[in-house]
Amino acid sequence: LPQFRFMAKAQLFFIPPLGLHLWLAGQIKAGTGEEGDQGRVLEDCAKRLKVGNHILWFPEGHRSFDGVVKRFKTGAFVAAKQSGVRVVPVAITGTPSVIKNKSLRYYFKGIRVQITLLPGFLVDGEPKAAAAKAREIVAAQVAVQRARE
C-alpha cells in the first residue's frame, strides 16, 4: 500500500498526546502564516512526494459544517505542480452527522459517510486555476451524493 501523510494544522502538534503521535508518525505540519513557513511546508512536501508518499490535504482548510464546498487554498496545487504529481480530488459526505459542530463526541450508529475518489489530473497551469477546477469537481460530486441521501 502507498504511504500516506496528512497535512495537519500546526496547533494540533501542541496538543498532548496527539501532537507527539502526529510527529512520530511523520505527519506534515501546515504553515502558520509566519515568514518562510510556506517554503518550509512546500520543501517538506516535495521531499515526501519524491520518495513516493501520498499527501492527504484538505484544501478548504477545515471541514464544512453546512455541506457547501468552500474555496480551495492553493498550497496543495503548488506542491503538486512543483513535484510533477497528480492531484486526486476526493468528495466526502456524511461527516457533519459523525462529529457535531463544537462537539468532541463521535456518532457512528446509523451514519453513512461516503468517500469518492475522483479522476486525478496534473497541475499544468496556474495552481489557483487548478484549485478552482478541483473545487468544481468535488462540489459537483458532493451535490450528487447529497441528492442520494
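Residues numbered from 1 in each chain as written. Predicted model: local features only at pLDDT ≥ 70, side-chain atom pairs only at ≥ 80, totals over all residues. Heavy atoms only, no water.

Caption draft 1: Geometry of the overall build of the chain. For the chain, the helix and strand inventory stands at five helices and seven strands. Its helices and strands in sequence order give the chain the pattern β-α-β-α-β-α-β-β-α-β-β-α, from N to C terminus. When the backbone C-alpha atoms are referred to their principal axes, the chain occupies close to 40 × 40 × 35 Å. Buried residues in the chain amount to 33% of all 149 residues. Partitioning the contacts of the chain with sequence separation of at least 6, the portion at a separation of at least 24 is 54%. Summed over all atoms, the accessible surface of the chain reaches about 10200 Å², with 59% contributed by carbon and sulfur. (Helix = DSSP H or I, 4+ residues; strand = E, 2+ residues; numbered from the N terminus. Buried < 20%, exposed > 50% of the residue type's maximum accessible area, 1.4 Å probe, protein only. Contact = heavy atoms within 4.5 Å. Areas by Shrake-Rupley, 256 points an atom, 1.4 Å probe, with all protein chains shown as cover.)

Caption draft 2: Looking closely at a positive patch on the surface. A cluster of basic residues, Lys9, Arg71, Lys73 and Lys128, forms a positive patch at the surface. By relative accessible area, which is 61% here, Arg71 ends up exposed. (Patch = residues over 30% accessible without salt bridge, like charges linked within 9 Å, V, L, I, M, F, W, Y side chains within 5 Å. Salt bridge = Lys/Arg side-chain N within 4 Å of Asp/Glu carboxyl O. Lys, Arg positive; Asp, Glu negative; His and termini not counted. Charge placed at Lys NZ, Arg CZ, Asp CG, Glu CD.)

Caption draft 3: How the structure looks around the sheet that holds strand E3 (residues 54–56). Read across the sheet, three strands follow the order E2-E1-E3 without closing on themselves; strand pairing throughout is parallel. Each end of this open sheet is capped by a strand with a single partner; those strands are strand E2 (28–29) and E3. For strand E1 (residues 4–8) and E2, the ladder comprises two bridges, and the chain directions are parallel. Its bridge partner being in E2, Met7 is matched across the sheet by Ile28. (Pairing = 2+ DSSP bridges.)

Caption draft 4: Geometry of the nonpolar core. Core analysis: the largest hydrophobic core is formed by 15 residues, its most contacted members being Phe72, Phe77, Val87, Phe121, Val123 and Val138. Sorting the residues of this core by element identifies helix H3 (75–83) and helix H5 (127–148) as the ones contributing at least two each. Counting residues per element, this core draws most heavily on H5, at five residues. Those residues in contact with Val87 that lie beyond four places of it in its chain are Phe77, Ala80, Pro119, Gly120, Phe121 and Val123. (Core = buried A, V, L, I, M, F, W, Y, C linked by side-chain atoms within 4.5 Å.)

Caption draft 5: Looking closely at H3. The set of residues buried in H3 consists of Ala76, Phe77, Val78, Ala79 and Ala80. Elements that come into contact with the buried residues of H3 comprise helix H2 (37–50), strand E4 (86–87), strand E7 (121–122) and H5.

Caption draft 6: View of the packing of H3 against H5. Direction vectors running N to C along H3 and H5 enclose 120 degrees, while the axes themselves pass 8 Å from each other. The two elements H3 and H5 cross, and the hand of that crossing is right-handed. Across from Phe77, Val78 and Lys81 in H3, the residues of H5 making contact are Pro127, Ala130, Ala131 and Ala134. Class assignment of the residues belonging to the contact of H3 with H5 gives a composition of six nonpolar, no polar and one charged. (Axes fitted to C-alpha atoms, helices over the stretch in contact; angles between N-to-C directions. Left-handed = near helix turned anticlockwise from the far one by under 90°. Nonpolar A, V, L, I, M, F, W, Y, C, P; charged D, E, K, R; others polar.)

Caption draft 7: Highlighting the environment of Ala147. Along the chain, the position of Ala147 falls in helix H5. For Ala147, a relative accessible area of 65% gives the class exposed.

Caption draft 8: Geometry of the pairing of strand E6 (residues 114–117). Because side chains alternate across E6, one face comprises the buried residues Gln114 and Thr116, and the other comprises Ile115 and Leu117, none of which is buried. Pairing of strand E5 (residues 90–93) with E6, which is carried by four bridges, proceeds in the antiparallel orientation. Across the sheet, residue Ile92 finds its bridge partner in E6, namely Ile115.

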